Amino acid sequence: LFEGLAIWKYKRFRRIQGTYPVIFLSLAGVKGSDVRSVKNGIADAVAAVYEEHRYLKRTGLLREEEKREFDAFHLYSIDTSPDKRLDDYALAASLKTLSMYLGRYYKEKTLIFLDEYDTPLQEAYLSGYWDELVPFIRTFFNLSFKTNPYLERALLTGITRVSKESIFSDFNNLEVVTATSGKYGTSFGFTGQEVKASLGRFGLSESLERVRFWYDGFCFGGQKDIYNPWSITKYLDTGKFGTYWANTSSNGLAGRLIREGDAGVKAAMEELLEGNSITVRLEEEIVFEQLEDNTEAIFGLLLATGYLRVDGVTEEDEEEDARYQLSMTNLEVRKEFHRMIQGWFKKSSVRYNDFIKALLANDVGHMNRYMNQMSAAVFSSFDAGRRPSAQAEPERFYHGFVLGLIADADLDYRITSNRESGLGRYDVVLEPKRTDADAYVFEFKVIEPDVEKTLYETVQNALRQIEEKDYDRDLLLRGIPKERIRHYGFAFEGKKVLIG
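Residues numbered from 1 in each chain as written. Predicted model: local features only at pLDDT ≥ 70, side-chain atom pairs only at ≥ 80, totals over all residues. Heavy atoms only, no water.

What follows is about a nonpolar patch on the surface. On the surface, a nonpolar cluster with roughly 740 Å² of combined accessible area is contributed by Leu1, Phe2, Leu5, Ile7, Tyr10, Phe13 and Ile16. Mapped onto the elements, Ile16 comes out in helix H1 (residues 11-16). Looking at Ile16, the relative accessible area reads 44%, which means it is partly exposed. (Patch = residues over 30% accessible without salt bridge, like charges linked within 9 Å, V, L, I, M, F, W, Y side chains within 5 Å. Areas by Shrake-Rupley, 256 points an atom, 1.4 Å probe, with all protein chains shown as cover. Salt bridge = Lys/Arg side-chain N within 4 Å of Asp/Glu carboxyl O. Helix = DSSP H or I, 4+ residues; strand = E, 2+ residues; numbered from the N terminus. Buried < 20%, exposed > 50% of the residue type's maximum accessible area, 1.4 Å probe, protein only.)

Here you go:
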């Protein structure tokens with residue numbers, strides 16, 4: 001497999017190739033709605049590993065009761081009778097037990113590679129059985145990696161760095177490598193030089209700049225210009241650009257945290273979707289029980305999952321933690337985020353594009369019906385966090401919501417947000433790309449009960465602000481006649497919306 005490849009040049013690696021027994025286990029497919037289904041999934045994965053090493057039963061090194069253990073994992077997931085089913089402790093000790101058997105045969109300690117160790121944990125968090133699963137996972141990891149005398153070395157991979165206190169209790173010999181670490185920087189994907197060489201071999205050198213635009217941008221420590229191998233190999237195979245990487249993993253956890261995040265999270269996502277960068281503190285160690293209240297952990301997760309990249313970092317000192325400048329990784333990622341957001345809207349009972357159709361038809365009545373239906377269906381899930389947007393920068397929340405609704409119009413309109421024009425900064429402007437189409441200026445306002453008795457008054461104040469601050473100025477300077485510029489005031493009070 002390795003002869004002729006780059007690693008073959010290193011004699012120290014060639015000397016140890018094939019000398020250690022190996023256990024490889026992936027938990028990528030272990031998902032379920034309750035803790036029992038997850039344990040069954042782990043048992044199925046372990047049973048497949050035992051099946052790979054079934055030859056051990058024929059060596060004469062195992063006792064009869066040990067041979068029977070090879071068959072017990074299969075029974076765990078298909079037979080619910082208590083007298084036949086494997087108990088939880090035996091399942092938790094399964095990798096340790098197999099390491100012992102392999103050690104007897106090979107006279108060497110075992111290497112254990114556990115891929116996507118955190119998938120069951122994410123499922124438990126999303127489905128509400130985190131507290132039930134954690135004790136079992138803690139025992140499983142402790143027996144496999146901490147108290148396993150038959151272990152030579154282990155490697156665990158995942159997208160969430162789960163806190164030591166909740167899962168890796170008492171571990172004192174873990175080396176953690178994250179997206180901000182410098183170690184192994186070139187090992188996470190293809191380097192720019194490797195991609196350039198591969199394109200040349202496939203006769204695709206002329207597409208290098210487009211490949212960079214689509215797929216470049218992953219950073220690991222100080223190593224920049226890392227490409228996701230799956231996307232590159234799919235492009236080499238098909239010769240077509242597409243969002244290949246986005247289809248390889250679940251975005252359920254990231255999606256939930258963004259939907260339920262506070263106004264600051266939504267404002268940051270708006271900036272990122274517009275192609276801008278944000279500057280934040282990062283928390284790369286995740287405590288699942290605190291995720292809803294930890295904005296820094298949300299951005300740490302988005303960085304670890306590849307959605308964001310580090311463009312710059314300020315050094316940590318005695319008074320301030322390091323702050324990271326983050327942006328969306330590349331075009332592939334931005335497209336996936338747009339799809340994710342549209343997917344949330346499509347789950348409601350109203351059609352996503354109806355708002356744009358009503359806007360272009362100047363049908364204010366339908367715009368109001370649509371917005372109120374949508375707010376009833378979606379606002380609760382968007383703003384269900386413990387620190388609702390109604391208490392912190394509410395206009396930014398509604399602003400981002402409406403931007404999501406009009407995203408599909410970007411083929412025919414140049415959509416800008418929070419830009420200076422006239423005597424202030426407008427909320428949203430849609431500038432037509434066709435010379436015969438109307439332009440639109442939006443102003444958002446949340447009702448102020450002390451000064452406004454009704455949403456109608458709030459709408460009028462929004463329209464008055466557009467006029468008084470001359471938000472039309474830039475459109476007029478670009479040659480759009482005054483009569484073709486339409487003004488809309490959006491008034492919000494919780495889930496109630498009025499457009500005028």
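Under the defined criterion, the tally for this structure stands at 14 salt bridges. Here Glu209 ties to Arg212 by a salt bridge, and the two come within 2.5 Å at their closest N and O atoms. Taken together, the positions of Glu209 and Arg212, both in helix H9 (residues 208-215) and three residues apart, correspond to about one turn of that helix. Close ionic contact of Lys482 with Asp472 constitutes a salt bridge, the shortest N to O distance being 2.5 Å.

What follows deals with the side chain of Ser207. Structurally, Ser207 is set in the loop between helix H8 (192-201) and H9. Polar side-chain contacts of Ser207 include one of 2.9 Å to the side chain of Tyr235. Ignoring any residue separated from it by four or fewer positions in sequence, one finds Ser207 in contact with Leu199, Tyr235 and Phe241. (Polar contact = N/O pair within 3.5 Å; in protein donor to acceptor, adjacent residues only side chain to side chain. Contact = heavy atoms within 4.5 Å.)

Turning to the packing of aromatic side chains, a few remarks are in order. Tallied over the full model, the rule gives 21 aromatic pairs. The ring of Phe13 has Arg12 lying over it, and the distance from NZ or CZ to the ring centre is 4.6 Å. (Phe/Tyr/Trp six-rings, centres within 6.5 Å; stacked < 30°, edge-to-face > 60°. Lys NZ or Arg CZ within 6 Å of the ring centre and 35° of its normal.)

Our next topic: the environment of Ala322. Mapped onto the elements of the fold, Ala322 is located in the loop between strand S10 (308-314) and strand S11 (323-328). Separated by 40 residues in sequence, Ala322 and Leu282 place their C-alpha atoms 8.0 Å apart.

Okay, the sheet that holds strand S5 (residues 190-191) next. Strand order in the open sheet made by the three strands is S5-S7-S6, with antiparallel pairing throughout. With partners counted over all chains shown, the strands left at the sheet margins are S5 and strand S6 (218-220), one partner each. (Pairing = 2+ DSSP bridges.)

What follows deals with the packing of helix H6 (residues 119-127) against helix H7 (residues 130-146). At a minimum axis distance of 8 Å, the contact between H6 and H7 shows a crossing angle of 155°. Judged on the interaxial angle alone, H7 and H6 are roughly antiparallel. Side by side, H6 and H7 meet where Pro120, Leu121, Ala124 and Tyr125 of the first sit next to Trp130, Leu133 and Ile137 of the second. (Axes fitted to C-alpha atoms, helices over the stretch in contact; angles between N-to-C directions. Parallel < 35°, antiparallel > 145°, perpendicular 65-115°, else oblique.)

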